[in-house]
Amino acid sequence: MLVYVTCLLLCTAAGAQTPPRNYLFDMGPIGGSLEPGFLEVSDLQSYRPEYGYGWLQAPEKSFTQAGRILPENPRVLDGVWTSGRMRFRIDAPPGDYFLTLTLGYAGHDTATTRVLANGQVLLDSLQTPWRRLPYRHHRQPISLQQGFLELEFQALEKGAALQSVELRPRHPLDPTPFQTTLEADTAVVGAYLRQLRQQLRSQPGDFALQNRIHTCQQYLQAAWYYDIGWWSWAVEATGMSIFPRFHAASDLLQQILADPADPLYERAAYLLGKIHYWLYQEQEYEEDLRLYPKFFNLIASRYPQHQLLRMYMGEKIYHHLHCPMPPEGQAPEWARLQHEAMCRMLEIIHWWVDERQAENGELGGKLGDDVEILRWWLPAILGADDAKARLGYTRLANGVWNSGLLENGYSKKIEDVEHAAELFRDSHPVMLLLNYGDPRFVERCLISMQNFDRVWTGINPQGQRLFRSSYFSATEVVDQAPYNVDVAMNARATLAGLWAAWYNHNPTLLRLFSEWGHSWVKAARSTAKGKPAGLLPAAIGFYGEIGGHSTNWYHPRLGWTYYNWERMGSVNEMYIQLLGMYALTGDTSFLYPARATLSLALNTPVPARTEEIVQGSAAWAAYHLRGGAAPPEAGNGIGMAGLAKSITGNKDYDDFLLRYGSPYSRYRITGDKAFILQGCKQLLASLRYNFPLKTSEVKFTDRVYVDMDELLSGMYTGHIGSGFEFPALAVSWAHTGKEVAVLVNDCSTTQLNISLYNFGQQRQTGMYAWQLAAGRYEVVLGIDQNDDGLIEQQVFSREWKVEQRGQQLLFDLPAATPCLLKVRQLEALPPLPAALPDLAFSEEDLRIEGSLLHGHQTTIHARIHNIGNLAASNVKVQFWMDDKKIAEKKIARLQAPNDLSPRW
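Residues numbered from 1 in each chain as written. Predicted model: local features only at pLDDT ≥ 70, side-chain atom pairs only at ≥ 80, totals over all residues. Heavy atoms only, no water.

K.L.:
What exactly am I supposed to notice about the pattern of salt bridges here?
P.N.:
Proximity of charged atoms lets side chains of opposite charge pair with each other. Here the structure, examined in full by the defined rule, presents 47 salt bridges. Of the charged contacts in the structure, one is a salt bridge between Asp385 and Arg390, with a shortest N-O distance of 3.3 Å. Judged by relative accessible area, which is 25%, Asp385 ranks as partly exposed. Overall, the relative accessible area of 24% leaves Arg390 in the partly exposed class. Salt bridges sharing common partners tie together Glu372, Arg375, Glu418, Arg425, Asp426, Arg492 and Glu573. (Salt bridge = Lys/Arg side-chain N within 4 Å of Asp/Glu carboxyl O. Buried < 20%, exposed > 50% of the residue type's maximum accessible area, 1.4 Å probe, protein only.)

Right, here's the structure in full:
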């Protein structure tokens, strides 16, 4: 009965010569979900003239895609399918129309379809799925000369699937209703939509209004999909991650581009360009690289002064920043450049904290990617001592811990280690330095390492400790080939443990990491499968096979190319683990891989013709360690060599760093400030331009880069590298702000040489010493007017006793004066014992019931932690108020967390 009434309506409309109407059909099983205005068409609906539509050649079946990750659109939830061909007819009066087809079926990996309209090829081949969508729309203008449209769908590969057909008449469009620029809020389009709906209420049969409303809804839906980014609430609200949403938005907007006269055409093209620009930044697919300039070019000539459009098209547009500077020549040039760089860096960081960060720490790009932005924030905290940067960093770390995504300090979800580890690895280890002594972060890092022995690793029959897999969660490992191998990037999962071992020399961690590290050192010495001696392989099978299941040592065939040896990013993480273990244990065997690898890089001849280099050979490895086809600054061995120099302090790595190292490492070796100035200019080239592409326009937070941020880390802290690899920094700072410029000229365990310039008022400045050995030191601050490393006038000289790591030196720093701070050891003192209790307390550990006012009953709850490596005995805890002791309690014994379980 429903079909009969519907057909009567169609036939009546056509026979009465009424104005053109819409012909909208949703294919699928009977009783499926329907969008208002659409007619249901099953695979059994044959064409009959009295109906005015139906199959001339029926499909083989109907299907549903329930449970798939799909937008809330009934038209894409079901459809019909054929392995050969199917033909559908619509009776419609002659005229000009827009035809929209929805094709695709998630039941097939790939399907290619040819579409004919009245015998003419309409689409030669359309492939589905399209990216992360099982469906794809195609819209184009079409003219009907006869009173019907016959559509033929031919399966060229794995079947043809049709979900809906829309035939909408072309109507004259009013001039654009928008007087605002492309950057107008979607509220402008929303207001236009409300206006159209109001008109439709008085003209309910006006299909032109209906179709304009339909286009507005498509645009606003696409804009919403784009605007909501990758917030956790957005994933929950839509059931889709950002990728299918972006592809769904692109699919909606490309339908609008079929009509250049549409008032939303320019906005659709602009938004399409943005979508594919950010998709390319994140995934580097060639299709996106082709698409985003294409869409921007559609409108570029109409908006020649549009600054954001010009930025997206590759133009560098200067960002003006109020950053007071003294006249040129008054301050050292390195200080002027560093000051500007820090001002600009802080402006970006403050934008993210003030404008984007939520209370739960999220930045809108998915927590797993949000944390990657923190990698370049360290100079702002350790150098400029910026409270807002510290707040944002801490808030994000706590947000990760409380997100529900972790179990035992690691991902609940089984993924490859590159993705699963980054949540905790990029947010928590450095917190041991930023909030030194805070028990929350020490204990979280210890907890995360409970997985190491219980789940991730084991002892093979050869007595070696190795990871069981490269795919694992906090509770499970994937033990199927080819993933059941240990990869160098597994050190990403253990970085938090390495920092925890740095903090308290936890004996369990040192034992477990030593067992694991010696297995990798043994693999480095091996020459199996043609591996040059000294190099770490890309993977090790659990039973010790070099290269795992691969026939070679350098490509473990794990799907992701970043596990391949020549990418080196993943392999560097194991070098960092081993170098860190040397720093903690003094075991020189852990230095062997780094020394041997850099020796190979320096001393192995490499053919000038790259085609002559044999893959997997020593020459091939040297070529990539030196940077391959990239410029010398991109040499893949730099991170390893820099950390090795920072940890050992010796000159074994100077030759490599001098040839291929960063500007700061070259400066430390030569003392030539030209390297610093060159690096600062490169840093500012990253910071001075296109501010919105680092802030308000960003859709993927792991793609917010600051080139040469490691230069600032080196200048402020003396660490060669970014700073998050391992705590090998010499100093950090307090009460500096962006006004105090710092350049660590030299540093060791017995001396410091640091240039300072204060652009603000005289202030008391604090310096924390992280590498100085216990001892008595002479501290001299003097004026170095020529910035040549010579003190011309002494400001003060005093003695300083250093007893423990991280001890603070406070001193007054004069304004607008080039200064030199020199610290040298006068007498060595015995170091603190290796085994010590460490009692700790955070603000979250205090709870007060009642009032502290005189005479009121009050109960004080205080949680006291031991985060050291030795039990504490006869601890006395006191509560003081206004210089008066209020209460006291004794703790007879508090064990140390040597089994990686918190003790309090």
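K.L.:
Would you mind going over the state of the cysteines with me for this structure?
P.N.:
Counting across every chain of the model gives 0 disulfides. Counting only cysteine sulfurs, Cys680 is the nearest neighbor of Cys819, a cysteine outside any disulfide, at a range of 19 Å. (Disulfide = S-S within 2.5 Å.)

K.L.:
Can you help me understand the sheet that holds strand β22 (residues 740-747) in this one?
P.N.:
Adjacent strands of a sheet pair through backbone hydrogen bonds, lying either parallel or antiparallel. Spatially, the 5 strands line up as an open sheet ordered β22-β23-β28-β25-β26, and their pairing is antiparallel. One side of each edge strand has no neighbouring strand; the edge strands of this open sheet are β22 and β26 (793-802). Here the average twist between neighbouring strands, direction ignored, is 20 degrees. (Pairing = 2+ DSSP bridges. Helix = DSSP H or I, 4+ residues; strand = E, 2+ residues; numbered from the N terminus. Axes fitted to C-alpha atoms, helices over the stretch in contact; angles between N-to-C directions.)

K.L.:
Looking at this structure, I do not really get the nonpolar core. What am I missing?
P.N.:
It is characteristic of soluble globular proteins that their nonpolar side chains tend to be buried jointly. Core analysis: the biggest nonpolar cluster contains 233 residues, and Trp565, Ile754, Leu756, Met767 and Phe811 have the highest contact counts within it. When residues in this core are grouped by element, the largest group, 12 residues, is from helix α9 (residues 333-356). Counting 32 residues, the second largest nonpolar core, distinct from the first, contains Leu101, Val115, Leu149 and Leu167. (Core = buried A, V, L, I, M, F, W, Y, C linked by side-chain atoms within 4.5 Å.)

K.L.:
Can you help me understand a nonpolar patch on the surface in this one?
P.N.:
A surface patch of nonpolar side chains, amounting to about 460 Å² of accessible area, comprises Phe841, Leu846, Ile848, Leu852, Met881 and Ile886. Mapped onto the secondary structure, Met881 falls in strand β33 (residues 872-881). (Patch = residues over 30% accessible without salt bridge, like charges linked within 9 Å, V, L, I, M, F, W, Y side chains within 5 Å. Areas by Shrake-Rupley, 256 points an atom, 1.4 Å probe, with all protein chains shown as cover.)

K.L.:
What is the right way to look at helix α3 (residues 207-227) in this model?
P.N.:
An α-helix turns once per 3.6 residues; consequently, residues spaced three or four apart project the same way. For α3, which comprises 21 residues, the first-to-last C-alpha distance of 30 Å matches the rise-based estimate of 30 Å (1.5 Å per residue) to within 8%. Judged by how many residues are buried, α3 sits mostly within the fold: 15 of 21 residues are covered. Its side-chain oxygen placed 2.9 Å from the backbone nitrogen of Ala208, Asp206 serves as the N-cap of α3. Immediately beyond the C-terminal end of α3, within one or two residues, lies Gly229, with a positive phi of roughly 55 degrees. (Expected span 1.5 Å × (residues − 1). Polar contact = N/O pair within 3.5 Å; in protein donor to acceptor, adjacent residues only side chain to side chain.)

K.L.:
I'm lost on the packing of aromatic side chains in this one. Help?
P.N.:
For any pair of aromatic rings, the description consists of the separation of the ring centres together with the inter-plane angle of the planes. As enumerated under the stated definition, the model contains 51 aromatic pairs in all. For the ring pair Trp224 and Tyr225, a centre distance of 5.9 Å and an interplane angle of 35 degrees mean the geometry is tilted. Residue classification places Trp224 among the partly exposed positions, given a relative accessible area of 38%. Between Trp502 and Trp770 the ring centres are 6.2 Å apart and the planes differ by 50 degrees, which places this aromatic pair in the tilted class. Here the residue Trp502 occupies a position in helix α17 (residues 491-504), and Trp770 occupies one in the loop between β24 (763-769) and β25 (775-783), the gap between them amounting to 268 residues. Both residues of the pair, Trp502 and Trp770, belong to the buried class. Ring pairing ties together the aromatic residues Tyr270, Tyr277, Trp278, Tyr280, Tyr292, Phe296 and Tyr312, which thus form one cluster. (Phe/Tyr/Trp six-rings, centres within 6.5 Å; stacked < 30°, edge-to-face > 60°.)

K.L.:
Explain the packing of helix α25 (residues 673-687) against helix α26 (residues 709-717) to me, please; I cannot follow it from the model alone.
P.N.:
Two numbers describe a pair of packed helices, the interaxial angle and the distance between the axes. Running from N to C, α25 and α26 point in directions that differ by 135 degrees, and their axes come no closer than 9 Å. When the axis of α25 is compared with that of α26, the two are oblique. Here α25 and α26 pass one another in a crossing that is left-handed. For the pair formed by α25 and α26, the contact residues are Ile676, Gly679, Cys680 and Leu683 on the first element and Asp709, Leu711, Leu712 and Met715 on the second. Tallied by class, residues from the contact of α25 with α26 come to 6 nonpolar, 1 polar and 1 charged. (Parallel < 35°, antiparallel > 145°, perpendicular 65-115°, else oblique. Left-handed = near helix turned anticlockwise from the far one by under 90°. Contact = heavy atoms within 4.5 Å. Nonpolar A, V, L, I, M, F, W, Y, C, P; charged D, E, K, R; others polar.)

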